[in-house]
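# Structural description and commentary
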Amino acid sequence: MLTLKGHLFSAFYIFSLAFLSRASPARRQTTTLKAAAGSRYFGAALAAGHLSNASDPDFALFAQEQFSGATPENEMKWDATEPSEGVFTFSQGDQVASFAVSNNMLLRGHTLVWHSQLPAWVSTLTGDDLLNAMNNHITTVMTHFQGQTFAWDVVNEAFNDDGTLGTSPFLTQLGSGYIETAFTTARAADPTAKLYINDFNTEGINAKSDALLETVQSLKASNLIDGVGFQSHFIVGEVPQDLQQNLQRFADAGVDVAITELDIRMTVPASEANLQQQATDYAFVINACQAVSRCVGITTWGIPDIYSWVPGTFPGQGAALLFDDNYNEKPAFSSTIDALSN
Ligand code: 9MR
């Protein structure tokens, strides 16, 4: 039987818990993603605007506490770094870079040559003018961040789902050789950086990943590539079951592989069943990476659901990350910790 003292203690305990959970998000796990990940990094996309947002100190706090890797969500893209020809602006990229470096996070540079988030002036250039602009962009940006970025997504999203090369000013003006040219320039610009090609819908074995693999093998033969990024923007319940097998065939080509932009979206508001399925799916992705010795790390494309790109692009979809809108750990957080700890 409980004594009065016992009752008072329980009441105080319950009151404190209620107070604490209002004051800061519930923390159920005693370990962190980065600690559980061990020798691999566990990263997140970081936006400069969130890191410096004084009304949401949790963003920087969770980034520091939970993650050992960082990718600037937008700040090192072409439109952010060279908005007009030859005029470079690094302040936002610097902000993410210095946060990452001062918190001992491995920083992935993202991204140099991509048809999206490309300022309009680039698309007006033809022939050698575009070639020179591309090479100058790669060299200037990589030189600026040298020593901070351990890796770079040199070329992003170059392929269509059928394995052909996607439309871009680079393909139109420079031909399919633009990829090799970009990697050659990147290798010379920062010989210390790991050079990656990064894409989506290449996580399973299909026409697109077959084409990517061929390109990777050809770049590797000239020692121009070090890694392949698999973005991994998945739909709950639809993670490719041959993910591990696919990662392994790229690793067998002699390059590192990484999960670079992981999120697993669902219809919102999220049902309990979908949150449980998401937990299973996250664990599946973690296990696939861990089963491949050359899988060097995993990055989620954000921290709390509230800032995710998903609802803006897929209306009615969301809840794709490990923390909910209020930084509470979701079932997928626990399953990720468990999978990382195995
Ligand atoms: O998360 C990024 C979002 O804030 C931008 O508006 C968007 C613009 O294209 O890019 C998002 O990040 C993308 C990444 O750079 C490349 N792979 C797909 C990501 C989600 O769209």
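Keep in mind that what you see is a predicted model, and the values were worked out from it rather than measured. (Residues numbered from 1 in each chain as written. Predicted model: local features only at pLDDT ≥ 70, side-chain atom pairs only at ≥ 80, totals over all residues. Heavy atoms only, no water.)

## Quick word on the packing of helix α12 (residues 243–251) against helix α13 (residues 272–290)
Relative placement of two packed helices is described by the angle separating their axes and the distance separating the axes. Quick note on the threshold: Note on method: axes are straight lines fitted to C-alpha atoms, helices fitted across the in-contact stretch only, with angles between N-to-C directions ranging 0 to 180 degrees. A helix here means a DSSP run of H or I that spans at least four residues, while a strand means a run of E at least two residues long, and both kinds are numbered starting from the N terminus. Between 65 and 115 degrees an angle is taken as roughly perpendicular, under 35 as roughly parallel, over 145 as roughly antiparallel, and anywhere else as oblique. Left-handed describes a crossing whose near helix is turned anticlockwise from the far helix by less than a right angle; the clockwise case is right-handed. Only heavy atoms enter the contact rule, under which two residues are in contact if any of them lie within 4.5 Å.
α13 packs onto α12 with a crossing angle of 30 degrees between their chain directions and a minimal axis gap of 9 Å. In terms of orientation, α12 lies roughly parallel with respect to α13. The handedness of the crossing between α12 and α13 comes out as right-handed. Across the interface between the two elements, L243, Q244 and L247 of α12 pack against F284, V285, A288 and C289 of α13.

## Overview of the side chain of E261
Just so we agree on the cut-off: Each residue gets one of three labels from its accessible area relative to the maximum for its type: buried under 20%, exposed over 50%, partly exposed in between, using a 1.4 Å probe on protein chains only. Counted as positive: Lys and Arg. Counted as negative: Asp and Glu. His and the chain ends are not counted at all. One side-chain nitrogen of Lys or Arg within 4 Å of one carboxyl oxygen of Asp or Glu is enough to make a salt bridge. Think of a polar contact as two N or O atoms within 3.5 Å of one another; within protein, one of them needs to be a possible hydrogen donor and the other a possible acceptor, and neighboring residues in sequence only count if both atoms come from side chains.
When you line up the elements, E261 lands in strand β8 (residues 256–267). Despite its burial, E261 pairs with no opposite charge, the nearest such side chain being R108 at 6.3 Å. Side-chain polar atoms of E261 contact the side chain of N198, separated by 3.1 Å.

## Some words on the nonpolar core
The test is simple: Here, the term nonpolar core denotes a set of buried Ala, Val, Leu, Ile, Met, Phe, Trp, Tyr and Cys residues that are joined through side-chain atoms within 4.5 Å.
Judged by nonpolar contacts, the single largest core of 96 residues is most densely connected at L46, V155, F183, I197 and I303. When residues in this core are grouped by element, the largest group, eight residues, is from α13. Not counting residues up to four positions away in its chain, the partners in contact with L46 are L51, F59, A63, A70, T71, P72, E73, E75, V96, F99, M105 and I303.

## Overview of the site of the ligand
What counts, and what does not: One heavy atom suffices: a residue is near a molecule or strand as soon as one of its heavy atoms comes within 4 Å of it. Each accessible area is a Shrake-Rupley result for a 1.4 Å probe, and residues are judged covered by the shown protein chains and nothing else. Gly counts as polar in this scheme, as do all residues outside two lists: the nonpolar Ala, Val, Leu, Ile, Met, Phe, Trp, Tyr, Cys and Pro, and the charged Asp, Glu, Lys and Arg.
Contacts to the ligand come from 14 residues, most closely from E73, K77, H110, E157 and E261. Measuring from an oxygen atom of the ligand, one finds a side-chain N or O atom of H110 at 2.7 Å. Between the ligand and the protein, one listed contact pairs a nitrogen atom with a side-chain N or O atom of Q231 at 3.1 Å. When isolated, the ligand has an accessible area of 460 Å², and the protein chains bury 75% of it. In the shell around the ligand, the residues fall into three nonpolar, seven polar and four charged.

## Some points on the packing of α13 against helix α15 (residues 331–341)
The geometry of α13 relative to α15 is characterised by a closest axis approach of 8 Å and an angle of 25 degrees between their N-to-C directions. Judged by the angle between their axes, α13 and α15 are roughly parallel. Between α13 and α15 lies a crossing of right-handed hand. Along its contact with α13, which presents L275, Q276, Q278, A279, Y282, A283, I286, N287 and Q290, the element α15 presents P331, A332, S335, T336, A339 and L340. Residues that form the contact of α13 with α15 fall into these classes: nine nonpolar, six polar and no charged.

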